[in-house]
Structure formats: structure tokens, C-alpha cells
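These are the residues of each chain, in order.
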Amino acid sequence: MTRTELVESLIERYPAVPAEAVVKEDLLRTGIAFDDSALSDNLDGSVKPKSYFIFSFDQRPLAELGEAAKRRPPEEIALSGGPYGLRRTIVSVRVNPASPWRVVGGELALEGRAIAEIELPPMPAYYRHTLANGKTVMETAPTIQWGYLIYLTVLRLCQYFGAKEECQFCDINHNWRQHKRAGRPYTGIKPVEDVLEALAIIAEHDDGASHAYTLTGGSVTSTVDGLAEADFYGRYAQAIEERFPGKWIGKVVAQALPRREVQRYKDYGIQIYHPNYEVWEPYLFRIICPGKERYVGREEWHRRILDAAEVFGPRYVIPNFVAGVEMAQPFGFATVEEAIASTVEGLDFFMSRAITPRFTTWCPEPTTPLGRDNPEGAPLEYHVRLLEAYRETLERHGLQPPPGYGKPGAGNAVFSVSSFMDVLAPEVVPV
Ligand code: SF4
């Protein structure tokens, strides 16, 4: 079956999932090849370049990306029109020179046939400014989701280190090394003052486009700058909220911490907490997340998620999972059926307690154990059925789309690393 046949058969078989989401999931799991004409001129052109905001999210190492390593691809693309009549759909860019999907000029093609018109993100005015010390806003405080979210990876390394601790799908530590090797500016620990200065530039120039910031980075198992995890990430929130009170929705992506430390995040001004559980199935969690298992343990991780709901309110605890890793071989489920059943069990566990997980679509990065062994990622049918199941489970539990993601629905959604917002009913307006 060609890729076109696969995509079209799934659009036909799963009418509850919009065509926009089927195309978007395939782009996210497979990556996109870029004609030189569709690359950016880095910070000197009119297109917003890919910032490498945390992981590489590429399906080849930087050294093998050819021209795309010298002239960065765009951060995201917006699709519309084409033979499926797509409504505007925003997709995060993952580069794969061998992908059947290719951007040439203003068009996205699949196996040579035009599928959508492409809008590239314009260079934001704030990327044209630098900090007083010469650092760029793109490196210090990049924005994604078409400018909605400021992504503050303030710690570019994870203290879960090496094969026995790193999550098996994650290339954060490798990505740090490859950017350093390429001589790119890539700050291990971002000074609080730099972050504040970059945010001031964004606030001045973005015409209100940004609505939220995410504080994140690797797990801190000992200390960084003498601070344990809650105080390390919390000090940025504290400084941001002091300087720009309530301007953005503050989010933190971090470990599931004991309740008293979670309370510290709240006290520092964070509104949304993402203690990511990554994969539901017990035996897969132990294999795929050995660091989380070792330092916290699966059951304790989940217990802390529930505790956090009492601190933030259940709607404001939004744990992420990485959709697709449960099908990674040699350990994962052999069938889509089993993988969906397991994932839905996890959704029910949290949603029955009014906690709304969300997911990112797995990108099989080649320097990770799972990506190396599964370069094709998970089957597209898994991703499509997961979207259907996610919406169905959310509605069954009478929940709203999670806050802090903008408007839901195909044509509205800005969340770019999975289609979970694209498949939700458009009429529901989240607070
Ligand atoms: S906790 Fe896991 S996913 Fe998060 S940065 Fe560390 S290794 Fe990566």
C-alpha cells in the first residue's frame, strides 16, 4: 500500500477523525523533507526558523540534514486546501530527508502529489532583537504554536543520564551535545535575568499573540545552582510573575514531586502542572522510563499526580504521554487493538478523576533506543484510533478540553505536536 492509499483509507474508515488530523499525525510521526526553496534564512530572513526548543524532533541527526542543517527549516507550517479541502492546520516541523511528504515552495506534496497549500510562519519582530549580552530571543525564549506559547527550556540537560535512566524515546541530552558540536549557541542553564529580558522583548513586540509560557527542561535528581527541582524551576516563575504579574498562563513540565513541593510551584505562581507519565502500561513504563521508575516509581508517580490535583485543581494538572511508544518493538504491543486498550485504561484512570492528560506524537529520533529500533515510528492507524478514543473518553467523562491550549477543533487548534486539540468539538470554549 502506498502512503497515499494508507492516508486515504484511514480518512475513509474513521470519519469521526477529521482529515486534518490524519494528515497531521502522519507528518508528525514520519517527518517532512524540505526542498531548499522552503528552508529559512535563519534569523536573517522572513520565515521563523526552527528553534530546537527542547528535543531535536528530527528523524536524522543534525550532521545528516544537509542544507537544512545550515539553513534551518521553519518552526511550523500551516496547511490548508488541497484535495481534502483542509481547514487551517498547524504542524510542528520534524525533518526527515527520506519522508514521502515534501515541502516545495508553497506546497506540501505526498509522493509527488500536492496535498495542501503551505503558509510559513513569519519572522516575529521579537526574534530580530537580541539581549544586551548578544544572546538571541530564539535561543532564550522561543515561541511555538504559532506564537501562542513561549517555551522556556531553562535546563537543557536531564539528570536522568545514560541508558539506564534516560527515557528511551528522549534525545534531550544528545540534542544538547549535537548543537554544541555544531557550534550553535545552546545554553545549558538559562540565567533568570536573560529569560526576563527576552520576555520583555516579546511583551513589547508580539501584539498580544503569546498567552502562556512553559518552564521545563530535564529532571533534577540532585540540585542545579544549589536548588532542588521545585525551587530551581520555581524561581523562574517567581521572577516572571513579579515582573509581569498574570500576563501569561504559567506552566511547568517536571517530575511528579511530593505534595509539599508541588505546593511550592503553586506558590511561585505556576497555574498548570505537567507531571508527564509518558506511557501507561506498567511493564512498558519500567522499560521505557527507567529513571522515573528508579527515582519515583510508577505507582508513586501516579499517586503524586492525584495529589497534585488537590493542589492545583484537577483541570490544571495535565500529564503528558508520548503517543506511539507503546507500540515500539521489541517490547511494545504487537497490535493496535492492545495498544489502544492500554492507553484508554490510562485515560480512564485520570479522566474519571477529572484530570485531563494530553499527548505528543512520538517522533522516533534516531539517537534514542526506541527511535533507532523503530525508525518508522508507530502505525498511523494507532494514532488515528487514539484520537478517536481520546475524544470519546473525554466526552464520556463530561470533561472540557484542557485549559492553556487555545481554541479546540479542526481549523482552530494551535497545538502543533499532536492533533489532540484538532479532533475535539469546536464549539466547546475552554477557560
Ligand atoms: S525525564 Fe525523561 S523525557 Fe524528560 S528530559 Fe529526562 S529523559 Fe527526557
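Here is a short report on the structure shown in this document. (Residues numbered from 1 in each chain as written. Predicted model: local features only at pLDDT ≥ 70, side-chain atom pairs only at ≥ 80, totals over all residues. Heavy atoms only, no water.)

A few words on the layout of surface pockets. Here the largest pocket is characterised by a volume of approximately 210 Å³. Around the largest pocket, the lining is made up of 14 residues, and of these Thr30, Gln59, Asn96, Pro375 and Glu376 lie nearest the centre. For the lining of the largest pocket, the class distribution of residues is 5 nonpolar, 5 polar and 4 charged. (1 Å grid on protein atoms, 1.4 Å probe; cavity = no way out; pocket = protein on both sides within 12 Å on 5 of 7 lines; lining within 4 Å. Points joined across faces, edges and corners; volume = space filled by probe spheres on them. Nonpolar A, V, L, I, M, F, W, Y, C, P; charged D, E, K, R; others polar.)

With mixed pairing, 6 strands are arranged side by side in an open sheet as S1-S4-S5-S6-S2-S3. Each of the sheet's edge strands pairs with one partner strand only, and the pair in question is strand S1 (33-34) and strand S3 (86-92). Sheet topology places strand S2 (residues 76-81) next to strand S6 (residues 113-119); 3 bridges connect them, and they run antiparallel. Along S6, the bridge assignment pairs leucine 79 with isoleucine 118. Helix H1 (residues 3-13) contacts strand S4 (101-104), strand S5 (107-110) and S6 of the sheet and is inclined by roughly 100° relative to S5. Docked against the sheet, helix H2 (residues 19-30) engages S2, S3, S4 and S5, running at close to 20° with respect to S3. (Pairing = 2+ DSSP bridges. Helix = DSSP H or I, 4+ residues; strand = E, 2+ residues; numbered from the N terminus. Contact = heavy atoms within 4.5 Å. Axes fitted to C-alpha atoms, helices over the stretch in contact; angles between N-to-C directions.)

On to the site of the ligand, then. Around the ligand sit Cys158, Tyr160, Glu166, Cys167, Phe169, Cys170, Ile172, Gly218, Ser219 and Lys292, and that is every residue in its neighbourhood. For the ligand, the cavity whose grid points lie within 2 Å of the majority of its atoms is the largest cavity. Per-class residue counts for the shell around the ligand are 6 nonpolar, 2 polar and 2 charged. (Near = heavy atom within 4 Å. Sits in = over half its atoms within 2 Å of the grid points.)

Between helix H7 (residues 229-243) and helix H8 (residues 259-268), the least distance of the axes is 8 Å, while the angle of their chain directions is 15°. On the basis of their axis angle, the class for H7 and H8 is roughly parallel. Note on packing geometry: the crossing formed by H7 with H8 is right-handed. Residues Glu229, Ala230, Asp231, Tyr233, Gly234, Ala237, Gln238 and Glu241 of H7 touch H8, and the partners they reach there are Glu261, Arg264, Tyr265 and Tyr268. (Parallel < 35°, antiparallel > 145°, perpendicular 65-115°, else oblique. Left-handed = near helix turned anticlockwise from the far one by under 90°.)

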